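Architecture at a glance
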Amino acid sequence: MNRWFYFNLTVLIVAAWQVFQTFPSIPTHVLVGFIGLCFVLFNWTRHAVFSTIRNTTDRKRKIKLANISKKIMPFHRWIGTSALVIISVHALLVLDLFGFNWRNLKVVSGLLAGLILIAMVTTGWMRLVRPTGRKRKAHLYIGLSLFCFIAIHILL
Ligand code: HEM
Ligand code: HEM
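A quick note: this is a predicted structure, and the numbers were derived from the prediction, not measured.

This next bit is on the overall build of the protein. Helix and strand counts for the protein come out as five helices and zero strands. The C-alpha atoms of the protein give 17 Å as radius of gyration, which agrees with the globular expectation for 156 residues (15 Å, within 12%). For the protein, long-range pairs separated by at least 24 residues make up 74% of all intrachain contacts whose partners lie at least 6 apart in sequence. Of the roughly 10,300 Å² of accessible surface on the protein, 71% is carried by carbon and sulfur atoms.

Written as structure tokens, this is what we have:
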């Protein structure tokens, strides 16, 4: 398994743990945030799969992973766009509850992650409409920073 699978799994487990701590009365805004996270991580796993394809020497495995990746691609754009819609609902629910406060690090880190998610979806559509090397790099590096900001948002 590529190390990215483990990074993604760690964030998912930590978030699930945070959500579980509010059990049995899980607040809606927390549940919606968790669903949004699952959508983002599903798409981000594409990176883990691509890294595995690049690094493995086993030809059969390469072909198998490339085929799975191809089958999932039609869903990628809609899962990414839905993630943005779900996270917007999460943000609206949160702001309605807590209001905006610069000193609330959870809100600030969430807003930063949300802005990066907007950039991620935008570069995704730009890449789909007219692919270029620069857009590919942008979509990838924005994805890396999105992952880091989400990890901070959840750990805080
Ligand atoms: C990609 C974007 C985002 C993801 C994946 C995400 C995910 C999550 C998850 C899973 C939780 C529940 C677990 C925990 O408490 O750590 C959470 C909580 C929270 N999120 Fe987000 N979030 C995102 C964006 C935002 C935005 C834009 C805001 C700002 C309005 C925000 C504000 C908060 C706050 C204040 C909490 C704590 C809620 C509480 O303790 O009751 N998040 N987020
Ligand atoms: C949560 C949001 C998203 C995440 C985390 C994400 C992540 C990724 C990753 C990791 C890759 C592979 C990068 C590489 O090594 O080239 C990729 C490729 C791609 N993404 Fe996204 N993406 C998201 C949203 C979108 C959206 C909304 C679109 C809109 C159409 C999109 C379009 C594409 C396209 C066209 C590719 C190239 C596919 C390929 O070469 O097989 N992405 N994305």
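Here the narrative resumes.
Bringing the packing of helix 2 (residues 28–55) against helix 3 (residues 59–98) into the picture now. Contact geometry for helix 2 and helix 3: axes closest at 7 Å, N-to-C directions at 155 degrees. Our classification of the angle between helix 2 and helix 3 gives roughly antiparallel. Between helix 2 and helix 3 lies a crossing whose hand is left-handed.

The next subject is the site of ligand 2. Taken together, the neighbourhood of ligand 2 is formed by 21 residues, with Arg 46, His 76, Arg 127, Arg 136 and His 139 sitting nearest. At 3.3 Å from an oxygen atom of ligand 2 is found a side-chain nitrogen or oxygen belonging to Arg 127. A distance of 2.7 Å separates an oxygen atom of ligand 2 from a polar atom in the side chain of Arg 136. By residue number, the principal contributor to the shell around ligand 2 is helix 4 (residues 105–129), which donates seven residues. Of the residues that constitute the shell around ligand 2, the class distribution is ten nonpolar, seven polar and four charged.

The subject of this paragraph is unusual backbone geometry. Residue Pro 24 follows Phe 23 across a cis peptide bond; omega there is 5 degrees. When you line up the elements, Pro 24 lands in the loop between helix 1 (3–20) and helix 2.

Now for the site of ligand 1. Near ligand 1, the surroundings consist of 20 residues, among which His 29, His 90, Lys 106, Gly 110 and His 153 are the closest. Take His 29: an N or O atom from its side chain is 2.8 Å from an oxygen atom of ligand 1. Of all elements in the fold, only helix 2, helix 3, helix 4 and helix 5 (133–155) reach the threshold of two or more residues within the shell around ligand 1. Among the elements that line the shell around ligand 1, the one with the most residues is helix 3, at six residues.

This paragraph deals with the UniProt feature "transmembrane region" (unreviewed entry) in the protein. Here the UniProt-annotated "transmembrane region" (unreviewed entry) positions come out as residues 5–24, 30–53, 74–95, 107–126 and 138–155. The span residues 138–155 shows a helical share of 100% and a strand share of 0%, and its end C-alpha atoms are spaced 26 Å apart.

What the rule picks out here adds up to eight aromatic pairs. Measuring from centroid to centroid gives 5.1 Å for Phe 100 and Trp 102, while their planes differ by 80 degrees, and the two rings are edge-to-face. Judged by relative accessible area, which is 44%, Phe 100 ranks as partly exposed. A relative accessible area of 65% means that Trp 102 is categorised as exposed. The rings of Trp 4, Phe 7, Trp 44 and Phe 147 are connected pair by pair, giving a single aromatic cluster.

A few words now on the nonpolar core. Core analysis: the biggest nonpolar cluster contains 22 residues, and Val 11, Leu 37, Leu 117, Leu 146 and Ile 150 have the highest contact counts within it. Where this core is concerned, the elements lending two or more residues are helix 1, helix 2, helix 3, helix 4 and helix 5. With six residues, helix 5 is the single largest residue contributor to this core. Residues contacting Ile 150, with those up to four places away along its chain left out, are Leu 37, Val 40 and Ala 113.

What counts and how
Residues numbered from 1 in each chain as written. Chains lettered and ligands numbered in written order. Predicted model: local features only at pLDDT ≥ 70, side-chain atom pairs only at ≥ 80, totals over all residues. Heavy atoms only, no water. Helix = DSSP H or I, 4+ residues; strand = E, 2+ residues; numbered from the N terminus. Rg over C-alpha atoms; globule rule 2.2 N^0.38 Å. Contact = heavy atoms within 4.5 Å. Areas by Shrake-Rupley, 256 points an atom, 1.4 Å probe, with all protein chains shown as cover. Axes fitted to C-alpha atoms, helices over the stretch in contact; angles between N-to-C directions. Parallel < 35°, antiparallel > 145°, perpendicular 65-115°, else oblique. Left-handed = near helix turned anticlockwise from the far one by under 90°. Near = heavy atom within 4 Å. Polar contact = N/O pair within 3.5 Å; in protein donor to acceptor, adjacent residues only side chain to side chain. Nonpolar A, V, L, I, M, F, W, Y, C, P; charged D, E, K, R; others polar. UniProt positions renumbered as here; feature names shortened; annotations may be inferred. Phe/Tyr/Trp six-rings, centres within 6.5 Å; stacked < 30°, edge-to-face > 60°. Buried < 20%, exposed > 50% of the residue type's maximum accessible area, 1.4 Å probe, protein only. Core = buried A, V, L, I, M, F, W, Y, C linked by side-chain atoms within 4.5 Å.

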